[in-house]
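# Commentary on secondary and tertiary structure
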Amino acid sequence: MISTNDLKNGITIEYEGNIYVVMETQHVKPGKGAAIVKAKLKNLRTGAIFEQTFNAGVKVATARIDKQLMQYLYNMNGIYYFMNMTTYEQLELNEAQVGDAKKFLKENLEVYITSYDGEILGLDLPDKIELEITHTEPAVKGNTTTNALKDAECETGLMVRVPLFIEQGEKILVSTADGKYVSRA
């Protein structure tokens, strides 16, 4: 248990049957009445973000989130296979559990799988990953507009807007936060 006065960014709590991570907190002391704590919470099961107001000093349960380093092996018929790097145990996740992370998964990529009491919550990907361009149109000569971009398909099927000088077969860095081109690899 933790007091709402002690809530800080990154703490995970269990509240009303759900698991949340605290994104921001604000302590408010109105002129009249008791102090309150406004917290922006992210539901770790659904990804929904909302604000919750707590009375100051109220106790909430902390949630222990486990993170396990695993290596992505392969995908077969919508089942994604991961291997624990120390015990060599394999874990199977379905498409719903993997979510949008599937656009970034390539063989041998190391990810953290987060869980709470044995329930898989999702994947924590690296900030940037290296992907190979499998298809893109060649640059049109003379098209040198500032920051001109073109569509490119990566080895995982992810579509990315890249600068005109990027060619098929090149490796690029892509941000896993927004799926955008960062730089050449």
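Because the structure is a prediction, the values reported are computed rather than measured. (Residues numbered from 1 in each chain as written. Predicted model: local features only at pLDDT ≥ 70, side-chain atom pairs only at ≥ 80, totals over all residues. Heavy atoms only, no water.)

Next up on the list: the nonpolar core. Within the largest apolar cluster, 24 residues are counted, with the highest numbers of intra-cluster contacts made by Phe 82, Val 98, Leu 105, Leu 123 and Ile 172. Elements represented by at least two residues in this core include exactly β7 (66-76), β8 (79-84), β10 (110-116), β12 (128-136), β13 (149-154), β14 (159-163) and β15 (171-175). With 3 residues, β12 is the single largest residue contributor to this core. The contact partners of Leu 105, leaving out residues within four places of it in the chain, are Tyr 72, Tyr 80, Phe 82, Val 98, Val 111, Leu 123, Leu 125 and Thr 156. (Core = buried A, V, L, I, M, F, W, Y, C linked by side-chain atoms within 4.5 Å. Buried < 20%, exposed > 50% of the residue type's maximum accessible area, 1.4 Å probe, protein only. Helix = DSSP H or I, 4+ residues; strand = E, 2+ residues; numbered from the N terminus. Contact = heavy atoms within 4.5 Å.)

What follows covers the pattern of salt bridges. Following the criterion strictly, the structure yields 9 salt bridges and no others. Among the salt bridges present, the one from Lys 40 reaches Glu 24, with a minimum N-O distance of 4.0 Å. Taken together, the residues Lys 40 in strand β4 (residues 36-43) and Glu 24 in strand β3 (residues 18-28) connect sequence positions 16 residues apart. Judged by relative accessible area, Lys 40 falls into the partly exposed class, the value being 28%. Across the pair Glu 155 and Lys 106 runs a salt bridge whose closest N-O atoms are separated by 3.9 Å. Placement of the pair is Glu 155 in the loop between β13 and β14 and Lys 106 in the loop between α1 (95-98) and β10, with a sequence separation of 49 residues. On the basis of relative accessible area, Lys 106 is assigned to the partly exposed category, the value being 21%. (Salt bridge = Lys/Arg side-chain N within 4 Å of Asp/Glu carboxyl O.)

Right, let's talk about the sheet that holds strand β11 (residues 119-124) for a bit. Sheet architecture is open: 5 strands sit in the order β9-β8-β7-β10-β11, paired in antiparallel fashion. Strand pairing shows two members of the sheet lacking a second neighbour, β9 (90-94) and β11, which therefore form its edges. Each strand axis lies, on average, 40 degrees off the axis of its neighbour in the sheet, ignoring direction. As defined by bridge partners, β7 adjoins β10 across 6 bridges and the pair is classed as antiparallel. Opposite Gln 68, over in β10, you have Ile 113 as the bridge partner. (Pairing = 2+ DSSP bridges. Axes fitted to C-alpha atoms, helices over the stretch in contact; angles between N-to-C directions.)

A word on the environment of Tyr 112. Position of Tyr 112 relative to the elements: it lies in strand β10. Since its relative accessible area comes to 39%, Tyr 112 is described here as partly exposed. Along the sequence, Tyr 112 and Asn 84 sit 28 residues apart, while their C-alpha atoms lie 9.9 Å from each other. Discounting residues that sit within four places of it in the chain, Tyr 112 has contacts with Lys 67, Gln 68, Leu 69, Gly 122, Leu 123 and Asp 124.

With respect to topology, 6 strands assemble into an open sheet ordered β1-β6-β2-β3-β4-β5, the strand pairing being antiparallel. Lying at the two open borders of the sheet, with one neighbouring strand each, are β1 (2-3) and β5 (49-55). Bridging between β3 and β4 involves 8 bridges; their strand directions are antiparallel. Pairing of Val 21 across the sheet is with Lys 42, part of β4.

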